Amino acid sequence: AGVLERDGSTIAEMTFRDVDALIGTGGATAGMVAKLGACRSAIENGAHEVFVADGKDLAGLAVLARHGRAAGAGKSTRITKGMPSTSRQLRRKVS
């Protein structure tokens with residue numbers, strides 16, 4: 001399902017700044033903090049982007065792996081180092 005807002009909606013796009021804000025406000029805890037840390041590490045070590053998605057949605061994962069989220073594959077969160085945030089809710093928290 002990707003990274004979720006407090007209201008349960010999936011955050012479509014995040015940057016490192018958004019990740020820090022989500023953790024800092026308590027919006028991500030325990031296991032999600034660990035996942036977000038792993039995403040950051042992957043990007044810092046050469047990945048251009050990382051997707052957090054529902055591992056039980058095999059069909060969605062297959063489409064995501066082949067075509068990216070633009071193909072409409074399930075709910076996922078794309079994390080990058082510094083592209084602008086597209087989440088209105090996170091933008092309010094970060095600003």
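Predicted model only: the values in this text are computed from it and were never measured.

Points about the nonpolar core
And then number 1: Residues Val3, Met14, Leu22, Leu36 and Ile79 are the most contacted members of the largest nonpolar core, which totals 13 residues.
And then number 2: Within the residue set of this core, elements represented by two or more residues are α1 (16-24), α2 (30-44) and β2 (50-53).

Section: the side chain of Thr77
And then number 1: Checked against the element boundaries, Thr77 lands in strand β3 (residues 76-79).
And then number 2: Side-chain polar atoms of Thr77 contact the backbone oxygen of Ile11, separated by 2.6 Å.

What to know about the pattern of salt bridges
And then number 1: Counted according to the given criterion, the structure contains 3 salt bridges.
And then number 2: A cluster of three or more residues bridged by salt bridges with shared partners is formed by Glu13, Glu49 and Arg78.

Analysis parameters
Residues numbered from 1 in each chain as written. Predicted model: local features only at pLDDT ≥ 70, side-chain atom pairs only at ≥ 80, totals over all residues. Heavy atoms only, no water. Core = buried A, V, L, I, M, F, W, Y, C linked by side-chain atoms within 4.5 Å. Buried < 20%, exposed > 50% of the residue type's maximum accessible area, 1.4 Å probe, protein only. Helix = DSSP H or I, 4+ residues; strand = E, 2+ residues; numbered from the N terminus. Polar contact = N/O pair within 3.5 Å; in protein donor to acceptor, adjacent residues only side chain to side chain. Salt bridge = Lys/Arg side-chain N within 4 Å of Asp/Glu carboxyl O.

Treat this as a map of the structure, not an account of what it does.
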